[in-house]
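As a plain string of letters, each chain reads:
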Amino acid sequence: LNILSADIDTTSFETARGVLAGEGVYLNHTLESADRAITFINNVLDFINGVLLFDYTTGKWTISLKRYADALVRTYGDSAGADENAANFSIITQEWSNLYNKIVLDYELFDVKAFTILSNELVKQITGLEKFKQVRVPFKTTKDGAAFYGSIAFNKHSKLTSNVSF
């Protein structure tokens, strides 16, 4: 990726590691090729529900974990064009018909492969449909790690959400 170690906010990575360890979220994977680094990084960020951003205030790459209980508001980016960008935003809300009432979560612990089904019966009652979404945890992990990833997938695919984009 050609990023110097001096350009990485190691404190944010150490903090993320501590939070993930506290949540019991671990992964085990070996990167086999430099060609797949971006895909690997994106898979890790999806797995941990995190974002990798360039923080213009520090001039470093930082990692941040998206957590519902996180009350800290973080603002990133160059504020020079803030006024013109603020005028161009949209709010996108999922429709009931796009939701799934069953999430089939395939996962692999360090010693066994398994699956579980997560259900949202409200979606079935409202839509009248039985819809399944197959989701696979991208890494070998612990049971807590699989449950964590499953909760993210469940929220993404079976709950009404709104996204704001600029």
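Residues numbered from 1 in each chain as written. Predicted model: local features only at pLDDT ≥ 70, side-chain atom pairs only at ≥ 80, totals over all residues. Heavy atoms only, no water.

### Overview of the overall build of the protein
Then, in step 1: In terms of regular secondary structure, the protein is built from five helices and eight strands.
Then, in step 2: For the protein, the succession of helices and strands along the chain, N to C, is α-β-α-β-β-α-β-β-β-α-β-α-β.
Then, in step 3: Burial status across the protein gives 27% buried among its 166 residues.
Then, in step 4: Of the contacts formed within the protein by residues at least 6 apart in sequence, a portion of 66% connects residues at least 24 apart.
Then, in step 5: Total accessible area on the protein is roughly 11300 Å²; 54% of this is exposed by carbon and sulfur atoms. (Helix = DSSP H or I, 4+ residues; strand = E, 2+ residues; numbered from the N terminus. Buried < 20%, exposed > 50% of the residue type's maximum accessible area, 1.4 Å probe, protein only. Contact = heavy atoms within 4.5 Å. Areas by Shrake-Rupley, 256 points an atom, 1.4 Å probe, with all protein chains shown as cover.)

### Observations regarding the environment of S12
Then, in step 1: Among the structural elements, S12 can be located in helix 1 (residues 10–23).
Then, in step 2: By relative accessible area, which is 11% here, S12 ends up buried.
Then, in step 3: Taking the C-alpha atoms as reference, S12 lies 5.9 Å from T62; in sequence the two are 50 residues apart.
Then, in step 4: Dropping the residues within four chain positions of it, S12 is found in contact with T62 and I63.

### Observations regarding the nonpolar core
Then, in step 1: Membership of the largest hydrophobic core comes to 22 residues, with the highest contact counts inside it found for F47, I48, L105, Y107, V135, V137 and Y149.
Then, in step 2: Counting residues per element, the ones that place at least two in this core are helix 1, helix 2 (37–48), strand 3 (60–65), strand 5 (102–109), strand 7 (132–141) and helix 5 (143–158).
Then, in step 3: The biggest single contributor to this core is helix 5, with six residues.
Then, in step 4: If sequence neighbours within four positions are ignored, Y107 has contacts with V112, K113, A114, F115, T116, V137 and A146. (Core = buried A, V, L, I, M, F, W, Y, C linked by side-chain atoms within 4.5 Å.)

### Remarks on the confidence of the model for the protein
Low-pLDDT stretches of the model should not have their predicted coordinates read in fine detail.
Then, in step 1: Mean pLDDT over the protein stands at 81; residues scoring 70 or higher make up 79%.
Then, in step 2: Taken as a whole, residues 70–79 scores under 50 in pLDDT and shows eight contacts with residues more than four places along the chain or in a different chain.
Then, in step 3: pLDDT under 50 marks residues 81–87. Its contacts with residues more than four places away, or in other chains, come to one contact. (pLDDT = per-residue confidence, 0-100.)

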